[in-house]
Amino acid sequence: MTKIDRKIDTSPGVSDEVKSTTCYMCACRCGIKVHLKDGAIRYIEGNSDHPVNRGVLCAKGSAGIMQHYSPARLRKPLKRVGPRGEAAFEEIEWEEALGIATDWLGRIRDSDPRKLAFFTGRDQSQALTGWWASQFGTPNYAAHGGFCSVNMAAAGLYTIGGSFWEFGEPDWERTRYLMMFGVAEDHDSNPIKLGLSKVKASGAKFVSVNPVQTGYSAIADEWVGITPGTDGLLVLSLVHELLRAGRVDVDYLLRYTNAPWLVIDDPDGPEDGLFARDEEGRPLVWDRHEEAPRSTEDAEAKASLKGDVTLPDGRRARPVFQLLAERYLDKQYAPGAVAEACGLSADTIRRLAAELAHAAFEEEVVVEVPWTDWAGRHHERMIGRPVSMHAMRGISAHSNGFHTCRAIHLLQILLGSIDSPGGFRYKPPFPRTIPPAVRPAGKSDQVMPGAPLPGPPLGFPTGPEDLLVDDDGTPLRIDKAFSWDAPLSVHGLMHLVITNAWKGDPYPVDVLFMYMANMAWNSAMNTSGTIDMLTDKDPGTGEYRIPRIIYSDAYYSEMVAYADLVLPDTTYLERWDCISLLDRPICSAEGPADAIRQPVVKPDRDVRPFQEVLLDLGARLGLPAMVKEDGSPRYPGGYADYIVNHERQPGVGSLAGWRGEAGDLRGRGAPNPEQLERYKENGCFWREELAPELHYFKHANRAYLIYATERGFISQATNITLRLYSEVLQRFRLAARGHGAVQPPGEHRERVETYFDPLPIWYPPFEDQANDEESFPLHAVTQRPMAMYHSWGSQNAWLRQIHGDNRLYIPRAVAEAHDLHDDDWAWLESRNGRIKAQVRVQQGLNPKTLWTWNAIGKRAGAWHLSADASEAKTGFLLNHLIDELLPERESGYRYACADPVTGQAAWYDLRVRIEKAAPAEAGEALPQFPSLPPLPGSQETPEALRYGADFHEKTGDGRDGKRRRR
Ligand code: SF4
C-alpha cells in the first residue's frame, strides 16, 4: 500500500484580512464579514454575532462580490451631450459636475424651492436625504415607500403604533399559529427564513395566504391560494366568524384598545363619529355599574363594550365594539357570502377561523415574568395568545391595501395577540404614539425662497388641517401627497412624480433629482409612457418638459440614459453608511439595534458616495445646517463626520451606541469622536438587550414606556391605546360632509366619505371596477425572487445564472383554455398595453391569476448587458401593462392607480387577458427598445465574467499572486 505523506490543507486560508460591515444586496441589512486578500475582496460570509441574520447569508449576500466588481458600475461624472434617452454623455470632473448641480439648484432655491423634486429609491439613508430636502426648503421629497409598502406602514402606525417587518415581528419561538398574507421573498428575507425554521421546528402551524405557491408558501403547512385583492374580505369574514362564536379576548379589548370608547351618534352633526370626551379632552367610556361616563384614564371604570347610551349633555353615543360587532356580524361578511370572491370555500374560511380561535384561547402561552401595566396594575405573569401574523407587498400593492392591512391588525387585536407572548411583537423604537407626532411640512407659508422648511416633508396627518393643500384644495406637492387625492400618503407618491412634472400638474418643476430609482424601467408603472414623458419637449420652446434631470446611481441602470447630469455613487462596500434608529431600524423585539457600513475597499473609479455628495452640495448651497457660521462645511469629514457629529435633537444622533464623550451612554449622549471605532470593534453594530419584564405588552407596559421615554423613542410614558376605530379617518369624513375649516373640493367629497371609514372596509380593487370581467378576466402580479433584489441582480454574473430571464406563469386551466404549453409564447393585454412573453404552466396558482418574477426583464445595453442578453430578449416586464392613472372620470380628472387613503401604488390591481401567439411570433419578448450604447470610459464587457479564477498564491512558477479579473 502506498503511503501518502503529503499533507492536505482542508481549510486553506482565503484571506489575510477580514472586515465587518452591513450587506446591501437587499433591504434586510444583515451583518457580513468581508474577507480580503492583498486588498481585494475574496469572500463574504454572514456575521454570526449579528442580531439580524445570526450568520445566515443568502444567495444575494454571497454574490455581493460580483455586484462590487460589476462592469456596469459607473466610473466618472457624466454630462449629457446628445438627445435625452440616447445615453450620449461626456465624462466630466467632479468639480464641474458639482458646479452644474449647485448652479441649477441654487437658482431655484433662491426663487422657488418647490421647483426641486428630490426623490430617492431604495435609499437606506432617508434620515439624511429627508433632512437635506427640508434644509433645501422643498416639500417635494420622498423615497420609494409610496410604491412599495406604505399601506402596511400607514395602516399599522394609525392602528397599533407599529407595523410589520422593521416595526414588528411574529414571536417566532412561542407562536402556535402563524398566518402570512401576500409575502414572497420580500421584506424581510433572512430574518423570515430564520423565523420560519423556528416555527417549523416547534410544530406550530404556518398558513400562507397568497395567490402563488412559491417561496414561503411552498413550505407552509397550508397554502391558501386566494384571489388577488380579496385578502381584506377573507380577514373580515374571519372576524365575522370569531364574533359570531364569541371568540375574542374581551379582557384585552377593555384594557388595551379603544373598544369601549364612546363614539358620538349624531348623523348630521359636526361631531358624528368622533369620540365623546370630557372637559379635558379625554375620551369617555360608559361605566356599566354606575351607568355614567368615566374617563378612559380611569382604570377602575367598569367599561361597557355594548349599548347605546345618552350622555349627561343629551348626546347619544355607542362604544366602538358595538359599532364593530354590528358591522362585521352582518351577513355580507359570512363565509358563504365571501367565499366565491376570495376563490376559497366557505368551509375553509370557517376552519381557519376556528383554528385561529383554538390557537389563541386553547393554546395560551404563559411567560412567568411579573410586570406592571400603565395603570399600575400588577400582573404575576405574561399571558399570551399565540397567534401571529405577517403581511407585505401582496396586501400592500392594492388600492384597498390600507383597509386590508387595518383589518389584519383588527383581527390580531380581537384575538388579544398584539405584543403578547406568541403573538405579533413590536420592535423598539415601536410602538409609537398613534399616529406618530410628526406632521408634514410644506404649507404655503412654510415654503420660502432661500429658507429651510420648519419640519420634515413627510409626516402623519391627524386631520384635514394637516394637509398640504391651498385654500381651494389644490395640492401643494408635485406628487399630490397629503392632498385630497391621498390624505395619508405618509411616504409620498413617487410613482406620480414624472407624470405630474411632465403635465405641470399642479405646477412644473425645474430640476428632477433622483437617487437609486430606476424610474425609466422597472420602477415605473407604465414604463413606455414614462420614457415618453422623460424625453418629451414643449413644441413651443423646444425644451424638455422636465427641464433638468440629475441622477445618482452606482450602476448603469436604464434611468441613467435619461439624465442630464449623472453623479456616480460607490458600491456598498466602498463607503460609510448608518442604519439608524432615526430611519428604518434593524431592531428585534428584544432590543433596539443599529449598525454601520464601513469602506471595506477604496473605490478604483472616480466615484463618490451619494451621501457625501449631498453634504457637499448642501455646503456649496449654503444650507443652514450644513455650514458653520463662517460658511465653511459643517461636516468636512463627509458622511462619517455627519454620522458621528450630527444631532437631530440634543444628545440624539444617527447612532445610539457608545454615545457621550467617554462612549459610555446609550440612546442619548453627546457625540463621541471614537464612536465609529467602537462600532467597528463590535462587528459594525450595536444592540441593547431589554430586561425580560420589558419584552411584552410594550404599548401598556409601564417599565417599557418609561424606558422608551428615556431612550427618546416616545415623548412621554403614557399608554398607547390600540385603535380599532380611527378617529383620524372620521375627521376626514366629516370634512367631506361639510364640517370643519378645511374641506375637500366638491368632486373629492364622495370618495373621501367612502374610503375614510373609521372601521376597516373591503371594496374591490379599482382596476376590477375599471375593467369588465369579460374583457380582462385574469389578475396579473409579480413576486420577488429569492436571488434578486429588483433590478440590481441582472448585472450580477452569479445571480444571472439563476434568473437570466423570466416566464409568465399561468394556471393549468388557463393553459388548457388557450392551448398553451410550457415555453409557448403568448400575448398579454391590459387596458394600458400589450406584451409578448413565454409561458410556463404552474399547478400551485390561483385559477384566475398569472404572475412573473419582478424586474428580471432588462433593456439591452443597460447594466452593461449585451444586445442579445437573455434579460433583454426573453426577459420581460409587466410594468408596460400597468397604468399609473385610473381611467378618466366624468369631470376629466384622473386619480392615481393607487390606494385612496395612502396613495400606495396599486401594482397588483392589474387585470389582463391572454392569447396564444402565432408560431411565427415566437422567440422574442415584446416590447423591445433600442440597445443603449456603452458609456464613455466604461470597461469592455468581458466574454465571461469570472471571479477568483486568477487568484494565485505566490508560487514557485513565478506567478506573483496579483489579482486579475476577466
Ligand atoms: S437577506 Fe441576503 S441580500 Fe438581504 S441583507 Fe441579508 S444577506 Fe444581504
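Up top is the structure.
Residues numbered from 1 in each chain as written. Predicted model: local features only at pLDDT ≥ 70, side-chain atom pairs only at ≥ 80, totals over all residues. Heavy atoms only, no water.

1. Observations regarding the overall build of the protein chain
Using the following cut-off: Numbering of helices and strands runs from the N terminus, with a helix taken as a DSSP run of H or I at least four residues long and a strand as a DSSP run of E at least two residues long. Computation of the radius of gyration draws on C-alpha atoms, with the globule rule given as 2.2 Å multiplied by the number of residues to the power 0.38. Any residue under 20% of the maximum accessible area for its type is buried, any over 50% is exposed, and the rest in between are partly exposed; the area is computed with a 1.4 Å probe on protein chains only. In this description, contact between two residues means that some pair of their heavy atoms is separated by no more than 4.5 Å. Throughout, the Shrake-Rupley method with a 1.4 Å probe supplies accessible areas, and for residues the shown protein chains are the sole cover considered.
Helix and strand counts for the protein chain stand at 25 helices and 36 strands. Against the compact-globule benchmark of 30 Å for 966 residues, the protein chain has a radius of gyration of 28 Å, which places it among compact chains. A burial count over the protein chain gives 64% of its 966 residues as buried. Residue pairs at least 24 apart in sequence account for 70% of intrachain contacts in the protein chain once pairs closer than 6 positions are excluded. By element, 48% of the accessible surface of the protein chain is carried by carbon and sulfur atoms, the whole surface being about 33,500 Å².

2. Considering unusual backbone geometry
The omega torsion of the bond from Phe430 to Pro431 falls at 10 degrees, within 30 degrees of zero and hence cis. Take Pro431: it is sitting in the loop between strand S22 (424–426) and helix H15 (497–503). In this structure, Pro435 follows Ile434 across a cis peptide bond, with omega equal to -15 degrees. Along the chain, Pro435 falls in the loop between S22 and H15. Phi angles above zero are rare outside glycine, and Asp38 is one such case at about 50 degrees. Phi angles above zero are rare outside glycine, and Asp823 is one such case at about 70 degrees. Mapped onto the secondary structure, Asp823 falls in the loop between helix H24 (812–817) and strand S33 (825–829). In this structure Asp823 comes out as partly exposed when scored by relative accessible area, which is 33%.

3. As for the packing of aromatic side chains
Both the distance between ring centres and the angle between the ring planes are used here to describe each pair of aromatic rings. The test is simple: Within 6.5 Å between ring centres, the rings of Phe, Tyr and Trp (the latter by its six-membered ring) count as paired, and their orientation is classed by plane angle as stacked under 30 degrees, edge-to-face over 60, tilted in between. Here, over-ring charges are defined by two tests on the NZ atom of lysine or the CZ atom of arginine: distance to the ring centre within 6 Å, and angle to the ring normal within 35 degrees.
Here the structure, examined in full by the defined rule, presents 37 aromatic pairs. Seen in terms of ring centroids, Tyr639 and Tyr642 are 5.7 Å apart; in terms of plane orientation they differ by 20 degrees. Their pairing is stacked. In this pair, Tyr639 and Tyr642 both sit in helix H18 (residues 638–645), three residues apart, roughly one turn of the helix. Comparing Tyr639 with Tyr642, the two get one shared label, buried. Three or more aromatic residues joined by ring pairs form one cluster here, namely Phe118, Trp132, Phe136, Tyr141, Phe513, Tyr515 and Phe610. In this structure, Arg84 packs its charged tip against the face of Tyr544, placed 4.1 Å from the ring centre. If you follow Arg834 out to its NZ or CZ, it ends over the ring of Trp827, 4.0 Å from the centre.

4. Observations regarding the pattern of salt bridges
Rule in force here: Every case where a carboxyl oxygen of Asp or Glu lies within 4 Å of a side-chain nitrogen of Lys or Arg is listed as a salt bridge.
By the definition in use, this model includes 83 salt bridges. Here Arg605 and Glu574 are joined by a salt bridge, their closest N and O atoms 2.9 Å apart. With a gap of 31 residues between them, Arg605 in the loop between strand S27 (593–597) and helix H17 (610–621) and Glu574 in the loop between strand S25 (565–568) and strand S26 (577–579) connect regions that are remote in the sequence. Accessibility expressed as a relative area gives 8% for Arg605, which makes it buried. A salt bridge links Asp883 to Arg894, with the shortest nitrogen-to-oxygen separation between them at 2.9 Å. Of this pair, Asp883 sits in the loop between helix H25 (870–873) and strand S36 (911–916) while Arg894 sits in the loop between H25 and S36, and the two are 11 residues apart along the sequence.

5. Structural notes on helix H11 (residues 335–342)
The α-helix advances 3.6 residues per turn, and as a result positions three or four apart in sequence lie on the same side. Quick note on the threshold: The directions from the helix axis to the C-beta atoms form the arc being described.
Within the sequence span of H11, burial applies to Pro335, Val338, Ala339 and Cys342. Angular distribution of buried residues about the axis of H11 spans 125 degrees; they occupy a single face of the element. In this structure, H11 carries Gly336 and Glu340 as exposed residues pointing more than 90 degrees from its buried face. Check the buried side of H11 and you find it contacts helix H8 (231–244) and helix H12 (346–362).

6. Quick look at the site of the ligand
Put simply, the rule is: It suffices for a single heavy atom of a residue to lie within 4 Å of a molecule or strand for the residue to be listed as near it. Put simply, Ala, Val, Leu, Ile, Met, Phe, Trp, Tyr, Cys and Pro go in the nonpolar bin, Asp, Glu, Lys and Arg in the charged bin, and everything else, Gly too, in the polar bin.
Every residue lining the ligand is accounted for by Cys23, Met25, Cys26, Cys28, Arg29, Cys30, Leu57, Cys58, Lys60, Gly61, Ser189 and Asn190. Tallied by class, the residues present in the shell around the ligand amount to seven nonpolar, three polar and two charged.

7. Examining the pairing of strand S6 (residues 116–120)
Applicable threshold: Two strands are said to pair when DSSP picks up at least two bridges between them. A crossover gets the label right-handed when its path from the first strand over the helix to the second runs clockwise, viewed with the strands pointing away from the viewer.
By the criterion of burial, S6 is predominantly enclosed, with five of the five residues buried. Both faces of S6 are covered, namely the face carrying Leu116, Phe118 and Thr120 and the face carrying Ala117 and Phe119. Across five bridges, S6 lies against strand S23 (residues 511–515) in parallel orientation. For Leu116, the partnering residue across the bridge sits in S23 and is Val511. Alignment of S6 against strand S7 (residues 141–142), held across two bridges, turns out to be parallel. Of the residues in S7, the one forming a bridge with Phe119 is Ala142. On the question of chirality, the crossover connecting S6 to the parallel S7 by way of helix H4 (residues 126–136) is right-handed.

8. A look at the pairing of S25
The alternating pattern of S25 places Leu565 and Leu567 on one face and Val566 and Pro568 on the opposite face, and all of these are buried. Across two bridges, the pairing between strand S4 (residues 78–80) and S25 is antiparallel. When the bridges of S25 are listed, Lys79 appears paired with Leu565. The pairing of strand S24 (residues 548–553) with S25 spans four bridges and is parallel. Its bridge partner lying in S25, Asp553 is registered against Pro568.

9. Brief notes about the packing of helix H3 (residues 94–111) against H17
The criterion, for reference: Here an angle of 0 to 180 degrees is reported between the N-to-C directions of two axes, which are lines fitted to C-alpha atoms, with helices fitted over the stretch in contact. Each angle is binned into one of four classes, with values under 35 degrees roughly parallel, values over 145 roughly antiparallel, values of 65 to 115 roughly perpendicular, and all other values oblique. Crossings are classed by handedness, with left-handed meaning an anticlockwise turn of the near helix from the far one by less than a right angle and right-handed meaning a clockwise turn.
Where H3 meets H17, the axes come as close as 10 Å, and the angle between the chain directions of the two elements is 55 degrees. What the angle tells us is that H3 and H17 run oblique. Crossing geometry of H3 relative to H17 is assigned as right-handed. Here Trp94, Glu95, Leu98, Gly99, Ala101, Thr102, Leu105, Gly106 and Arg109 of H3 come into contact with H17, specifically with Val613, Asp616, Leu617, Arg620 and Leu621. In terms of residue class, the contact of H3 with H17 is built from seven nonpolar, three polar and four charged.

10. Description of the sheet that holds S26
Taken together, three strands build an open sheet; the order of strands is S26-S27-S30 and the sheet is antiparallel. The outermost strands of the open sheet, each flanked by one partner alone, are S26 and strand S30 (685–687). On average, adjacent strands in this sheet sit at an angle of 10 degrees to one another, irrespective of strand direction. Of the pairings in the sheet, the one linking S26 to S27 comprises three bridges and is antiparallel in character. Bridging from a neighbouring strand, Cys578 pairs with Ile596 of S27.

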